[in-house]
Amino acid sequence: MKTTKRLLLVLVVTLCCASLGLSQTPAAPAAATPAPAAPASKAITEADLAGAPVPSADARAKGDPDGSLTGTASDVTVSDSKKGISIGDLANQAGQNKIAINFVWTLVTGFLVMFMQAGFAIVETGLVRAKNANHTMMMNFMVYGVGMLAYWLIGFTIQMGGVGAVANLGGTPPLNSEFTITLFGKAFGLFGTHGLFLVHKGTYDVSIMVLFLFQMVFMDTTTTIVTGSCCERWKYAAFIVSTMFLAAFTYPIFANWAWGGGWLANLGANFGLGKGYCDFAGSGVVHSVGGMTALAVAMILGPRIGKFTREGKPNAILAHDIVIVLTGCFILAFGWFGFNPGSTLGASGNGGLRIGSVATNTMLAGMAGSFGAMLYMWLRYGKPDASMSGNGLLAGLVAITAPSGFVNPVASVIIGVFAGVLVCISVEFVDKVLKVDDPVGAISVHGANGLWGVISIGLFADGKSNYGGSWNGVNGSVTGLFYGDNGGQLVAQLIGVATLLGFVFTLSFVFNLLVDWVVGQRVSAKSELQGLDLPEMGALGYPEFELKTQA
Amino acid sequence: MILIGLLVTLLGFVISVLSLTLTSSVGGRLVIVLLGIAVSLFGIMGLLNKHYLKNAIWKKG
């Protein structure tokens, strides 16, 4: 055992030295040879276009096995077929190609995020007891439909109804109405008002459809976080009502403040705090909102029967299938390549090529998170715990979600390792000090690490990103304290943290308290002991298995 | 106790927002926002959670 610990310590020290060395290595001096002069540009004329080589009909009729005849000037859409191709046609085609690339990018990454629902479903189901498998799976399955319905009805309007122009998607001009109040002499955007049912006020628009799909799957991620903390004792009817409120109001309000042109995003423009509250892909908007709501509902529900002894000591309630837990973590890590890189909302123009850096940062932080958690558990308890290694991976991914677009690879690894250790400490704190029962560790993975991700921007943003020359309406790149900022960016991030803790938690708590009084949040003790599959869902998850009853 | 806990939690948020008008110095704002976060955490962990722990299911045996 001691030898193992020593080996691990040597490994950690070596890695730390390597990363420090890497971060402090000066860049290689630029080559002395001067850059070649750019060739003089020449305006294209209509005559040039008329002379563009186009394959003959005979040549095309013979097929195009090497692809050299497909995709030529003859494929450019012309406005006047008699006149032929014009410079205007060419410019329109180029513009449409840019937007098409961005549409396809945003849609495909949105599809990846949608697939994360499957990952969450099997992670959570694997971590509960077999007698609750159907119930947990159904909650994860139905957040997709229930959440989407509420978000389509009103949530999207509140979040994005006043976002203004989303240049990468072609403008989204109908989303131009934000409800604001004046506070401290500045306009505070509170919620959007255009977009009900995706037809209201001209919002039946191709670019708005793309934006809706992408934002909808993000919101759905938030709703599925809560099911993890509340499983094995949550009444299904209460879950439906609670999820609808989260999707319709709680999530969209905070998302509007951060992403929809609301007051948090404008802290930079209005109060000189860096570039305002920054959250590239949603450590705060998605994960912390889910984590805060999970904490509120878990407190109201109380712990599962048998989770604590009469003296208040926590009992471990074991996962029933660690294989699907870790498989689910892999699915989530795969889906995160949609979550973070997709948040550029495009691959062409306005810094779209940062997708390479965002994806790599995501991969590095996830890896570092699982490594940090595994190492922490190994050193502390003598074994590399599987479920906590999985949670470490997710913690690293959650933490890098906000800063992924603003930091470099070394910072990503530091953020990820810290997240991996933080999730282990936070799980222990929630369990042993707060005595809040969180069967899957969602409060720690998403709540605590979401907040860490938000704060890390104020520290590690390196000022190298460039998404069209400005962010949140303030010129320049997002820069953190360690890269020369005066601390204004960190203050903006901390105001976001205070909003999540003070406002989002309170809103979620009040609504779920009302649900508790009206519907009742918790199942009966008899149902809980029996397992929720039969009493709540009417069918067992594993009907051919003989399940032991745990009193 | 629940109402007091909720009000204190919300108060932390209000304090943080007030930092925007109480001072224009970054250091001053940082201190006020951190104070707001501490107040909210006290509301959640020190008041609300404490109330629920008093009536916890595991204490009833």
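Nothing here was measured: the structure is a model prediction, and the numbers come from that model.

What chain A contains, in helices and strands, is 17 helices and four strands. Computed over C-alpha atoms, the radius of gyration of chain A comes to 26 Å, within 12% of the 24 Å expected from 2.2 N^0.38 for 551 residues, which places it in the range of a compact globule. Dimensions along the principal axes, computed over C-alpha positions, put chain A at roughly 90 × 65 × 55 Å. In chain A, buried positions account for 53% of the 551 residues. In chain A, 75% of the contacts between residues at least 6 apart in sequence involve partners at least 24 apart.

So, about the pairing of strand β2 (residues 186-192) of chain A. Residues and elements named next belong to chain A. Sheet topology places strand β1 (residues 178-183) next to β2; six bridges connect them, and they run antiparallel. Following the sheet pairing, E178 is matched in β2 by G192. Connecting the antiparallel pair β1 and β2 is a turn made up of two residues, with F184 showing a positive phi of about 55°.

A few words on the interface of chain B and chain A. By convention, interface size is frequently given as the accessible area that disappears when the constituent parts associate. Counting from both sides, the interface comprises 28 residues of chain B and, opposite them, 29 residues of chain A. Where the side of chain B that touches chain A is concerned, the elements lending two or more residues are α1 (2-22) and α2 (26-54) of chain B. Residue composition of the side of chain B that touches chain A, grouped by class: 18 nonpolar, eight polar and two charged.

Residue and element names in this part refer to chain A. The interhelical angle for the contact between helix α12 (residues 386-401) and helix α14 (residues 442-460), taken along N-to-C directions, is 35°, at an axis separation of 7 Å. As for how α12 packs across α14, the hand of that crossing is right-handed. Counted together, N391, L394, A395, V398, A399, I400 and T401 of α12 and V445, H446, N449, G450, W452, G453 and S456 of α14 form the full contact between these two elements.

What follows covers unusual backbone geometry. Residues and elements named next belong to chain A. Positive phi, close to 55°, is recorded for K435, a residue that is not glycine. A positive phi angle is found at N472, which is not glycine, with a value near 55°. Look at N472 and you get buried, because 20 C-beta atoms sit within 10 Å.

Another point: α12 of chain A. Each α-helix winds once per 3.6 residues, and so residues spaced three or four apart point in a common direction. Its 16 residues place the ends of α12 of chain A 23 Å apart at the C-alpha level, agreeing with the 22 Å of an ideal helix rising 1.5 Å per residue. Here α12 of chain A lies mainly inside the structure; 15 of its 16 residues are buried.

Residues and elements named next belong to chain A. Look at helix α7 (residues 236-259) against helix α15 (residues 488-518): their axes get within 10 Å of each other, and the N-to-C directions meet at 155°. One finds that α7 runs roughly antiparallel with respect to α15. Here α7 runs over α15; the crossing is right-handed. Contact residues: A238, V241, S242, F245, T250, F254 and A258 in α7; G496, V504, L507, S508, F511, N512 and V515 in α15. The residue inventory of the contact of α7 with α15, partitioned by class, reads nine nonpolar, five polar and no charged.

Attention shifts here to the confidence of the model for chain B. When the pLDDT values of chain B are averaged, the result is 95; 98% of them are 70 or greater. For this predicted complex, the interface confidence comes out at an ipTM of 0.98, alongside a pTM of 0.91.

Next up on the list: the environment of W517 of chain A. Mapping W517 of chain A onto the fold places it in helix α15. Residues W517 of chain A and F214 of chain A, 303 residues apart in the sequence, show an inter-C-alpha distance of 35 Å.

Attention shifts here to the confidence of the model for chain A. Confidence in the prediction for chain A averages 92 pLDDT; 92% of positions are at 70 or higher. Note on residues 14-32 of chain A: pLDDT under 50 across the span, and four contacts to partners over four residues away in sequence or across chains.

Counted at 1.5 Å a residue, the expected span for helix α6 (residues 206-230) of chain A with its 25 residues is 36 Å, and the 38 Å between its end C-alpha atoms agrees. Of the residues trailing α6 of chain A, E232 of chain A is marked for its positive phi of about 75°.

A word on the environment of Y483 of chain A. Residues and elements named next belong to chain A. With respect to the helices, strands and loops of the structure, Y483 is situated in the loop between β4 (474-475) and α15. Note on Y483: 19 C-beta atoms within 10 Å, which makes it partly exposed. Taking the C-alpha atoms as reference points, Y483 and G171, separated by 312 residues in sequence, lie 33 Å from one another. For Y483, the residues in contact, after removing those within four places along its chain, are A461, D462 and G463.

Right, let's talk about the environment of L459 of chain A for a bit. All names here are of chain A. Secondary-structure assignment places L459 in helix α14. For L459, a count of 19 C-beta atoms within 10 Å corresponds to the partly exposed category. Through-space distance from the C-alpha of L459 to that of L490 is 6.6 Å; in sequence the pair is 31 residues apart. Setting aside residues up to four positions removed in sequence, L459 forms contacts with G480, L481, F482 and L490.

Rules used throughout
- Residues numbered from 1 in each chain as written.
- Chains lettered and ligands numbered in written order.
- Predicted model: local features only at pLDDT ≥ 70, side-chain atom pairs only at ≥ 80, totals over all residues.
- Helix = DSSP H or I, 4+ residues; strand = E, 2+ residues; numbered from the N terminus.
- Rg over C-alpha atoms; globule rule 2.2 N^0.38 Å.
- Buried ≥ 20, exposed ≤ 12 C-beta atoms within 10 Å, placed from the backbone.
- Contact = placed C-beta atoms within 7 Å.
- Pairing = 2+ DSSP bridges.
- Nonpolar A, V, L, I, M, F, W, Y, C, P; charged D, E, K, R; others polar.
- Axes fitted to C-alpha atoms, helices over the stretch in contact; angles between N-to-C directions.
- Left-handed = near helix turned anticlockwise from the far one by under 90°.
- Expected span 1.5 Å × (residues − 1).
- Parallel < 35°, antiparallel > 145°, perpendicular 65-115°, else oblique.
- pLDDT = per-residue confidence, 0-100.

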